[in-house]
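# Survey of secondary and tertiary structure
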Amino acid sequence: QVQLQESGPGLVKPSQTLSLTCTVSGGSIGSGSYSWIWIRQPAGKGLEWIGRIYNSGTTNYNPSLKSRVTISVDTSKNQFSLELTSVTAADTAVYYCARAAPGGYSVWYFDYWGQGTLVTVSS
Amino acid sequence: DIQMTQSPSSLSASVGDRVTITCRASQSISRNLSWYQQKPGKAPKLLIYAASSLQRGIPSRFSGSGSGTDFTLTISSLQPEDFATYYCQQSDSTPWTFGQGTKVEIK
């Protein structure tokens, strides 16, 4: 059973960098055709896809965040990470990591999720 | 970006009711659509992928249909544990996008 767990500071000051790590257990992040993703959800609002990374290191980012986002992978630690720079209050949200599985052609579905971690941007 | 629009935004239903939620894409996405269920304080849970494929372990009262721009999630007989918010999500092209959610409440 694959499990994902987010970790990182719960409070970040405005203009600073938000850094989160997702640790994967029950499976190797370096195997298979999966991609590893970050999603966020402001309180009471919907889900926003932030970006994805393959175990090769190839990334895709949401254009709305692309200039501020970096996702990286460390296969030796079975972890992948998110960095979001120059944060503002608008970046306050629950951040989820998840696994995206390929279902053929352009089908990708998110079958395993972390529990989510609340990050608040405030001075 | 492909916009995903769900309707209704919320609905009230009773245990045993048949419930239908609609998701419309701003352009054709073939069958590259998934459905998720989210309960308060929890991560979303995959129900359906590729428009109509039931994820392992999900009860058969959940079903999905559609292709192109119009999709439907149906719960054939609503159970107490089904009261939650439901999201559709397209994977036809990045950025992957979600619908705004449909909250299913107890009548």
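See the structure shown above.
One structure accompanies this document, and this report is about it. (Residues numbered from 1 in each chain as written. Chains lettered and ligands numbered in written order. Predicted model: local features only at pLDDT ≥ 70, side-chain atom pairs only at ≥ 80, totals over all residues. Heavy atoms only, no water.)

### So, the overall build of chain B
The helix and strand inventory of chain B stands at zero helices and 11 strands. Helices and strands in chain B line up, N terminus first, as β-β-β-β-β-β-β-β-β-β-β. In summary, chain B has a C-alpha radius of gyration of 13 Å against a globular reference of 13 Å for 107 residues, a match within 12%. Scored against the burial criterion, the 107 residues of chain B give a buried share of 50%. Excluding contacts between residues fewer than 6 apart, the proportion of contacts in chain B whose partners are at least 24 apart in sequence is 55%. Carbon together with sulfur atoms contributes 44% to the accessible area of chain B, which is approximately 4700 Å² in total. Between the centroid of the 10 positive side chains of chain B and the centroid of its 7 negative side chains there is a distance of 6 Å. (Helix = DSSP H or I, 4+ residues; strand = E, 2+ residues; numbered from the N terminus. Rg over C-alpha atoms; globule rule 2.2 N^0.38 Å. Buried < 20%, exposed > 50% of the residue type's maximum accessible area, 1.4 Å probe, protein only. Contact = heavy atoms within 4.5 Å. Areas by Shrake-Rupley, 256 points an atom, 1.4 Å probe, with all protein chains shown as cover. Lys, Arg positive; Asp, Glu negative; His and termini not counted. Charge placed at Lys NZ, Arg CZ, Asp CG, Glu CD.)

### A few points about the interface of chain A and chain B
Counting from both sides, the interface comprises 23 residues of chain A and, opposite them, 20 residues of chain B. Of the roughly 1800 Å² buried between chain A and chain B, counting both surfaces, carbon and sulfur atoms make up 64%. Between the two partners, chain A and chain B, sit zero salt bridges. At the junction of chain A and chain B, the tally comes to eight residue pairs in polar contact (both at pLDDT 80 or more). (Buried area = accessible area lost by both parts, 1.4 Å probe. Salt bridge = Lys/Arg side-chain N within 4 Å of Asp/Glu carboxyl O. Polar contact = N/O pair within 3.5 Å; in protein donor to acceptor, adjacent residues only side chain to side chain.)

### Concerning the nonpolar core
Within the largest apolar cluster, 26 residues are counted, with the highest numbers of intra-cluster contacts made by Leu4(A), Leu18(A), Trp38(A), Val69(A), Phe80(A), Leu82(A) and Tyr95(A). Core analysis: the second largest hydrophobic core is formed by 25 residues, Leu11(B), Leu47(B), Leu73(B) and Val104(B) among them. (Core = buried A, V, L, I, M, F, W, Y, C linked by side-chain atoms within 4.5 Å.)

### Concerning the sheet that holds strand 3 (residues 18-25) of chain A
Residue and element names in this part refer to chain A. Ordered in space as 1-3-8-7, the four strands form an open sheet in which the pairing is antiparallel. Both edges of this open sheet fall to strand 1 (3-7) and strand 7 (69-74), since each of them pairs with a single strand only. For this sheet, the mean angle separating the axes of adjacent strands, direction not counted, is 20°. (Pairing = 2+ DSSP bridges. Axes fitted to C-alpha atoms, helices over the stretch in contact; angles between N-to-C directions.)

### Some details on the pattern of salt bridges
For the structure on display, the rule yields eight salt bridges over all chains. In this structure, Asp91(A) and Arg40(A) form a salt bridge, with 2.8 Å as the shortest nitrogen-oxygen distance. Separated by 51 residues along the polypeptide, Asp91(A) in the loop between strand 8 (79-84) and strand 9 (93-102) and Arg40(A) in strand 4 (residues 35-41) bring together distant segments of the chain. Comparing Asp91(A) with Arg40(A), the two get one shared label, buried. Residues Glu81(B) and Arg61(B) are paired through a salt bridge, measuring 3.4 Å at the closest nitrogen-oxygen approach. One end of the pair, Glu81(B), is in the loop between strand 8 (70-75) and strand 9 (85-90); the other, Arg61(B), is in the loop between strand 6 (53-54) and strand 7 (62-67), with 20 residues separating them in the sequence. The exposure class assigned to Arg61(B) is buried, which follows from its relative accessible area of 17%.

### What to know about the packing of aromatic side chains
Counted according to the given criterion, the structure contains 15 aromatic pairs over all chains. With a centroid separation of 5.8 Å and an interplanar angle of 25°, the aromatic rings of Phe110(A) and Tyr36(B) are classed as stacked. With Phe110(A) in strand 10 (residues 108-113) and Tyr36(B) in strand 4 (residues 33-38), this pair bridges two chains. Tyr36(B) carries the same exposure label as Phe110(A), and that label is buried. Look at Phe110(A) and Phe98(B): their rings are 6.1 Å apart centre to centre, the planes differ by 55°, and that puts the pair in the tilted class. One end of the pair, Phe110(A), is in strand 10; the other, Phe98(B), is in strand 10 (residues 97-98), on a second chain. The buried category is assigned to Phe110(A), whose relative accessible area is 0%. You can call Phe98(B) buried: its relative accessible area is 9%. Members of the aromatic cluster, connected to one another through ring pairs, are Trp49(A), Tyr54(A), Tyr96(A), Trp108(A), Phe110(A), Trp113(A), Tyr36(B), Trp96(B) and Phe98(B). (Phe/Tyr/Trp six-rings, centres within 6.5 Å; stacked < 30°, edge-to-face > 60°.)

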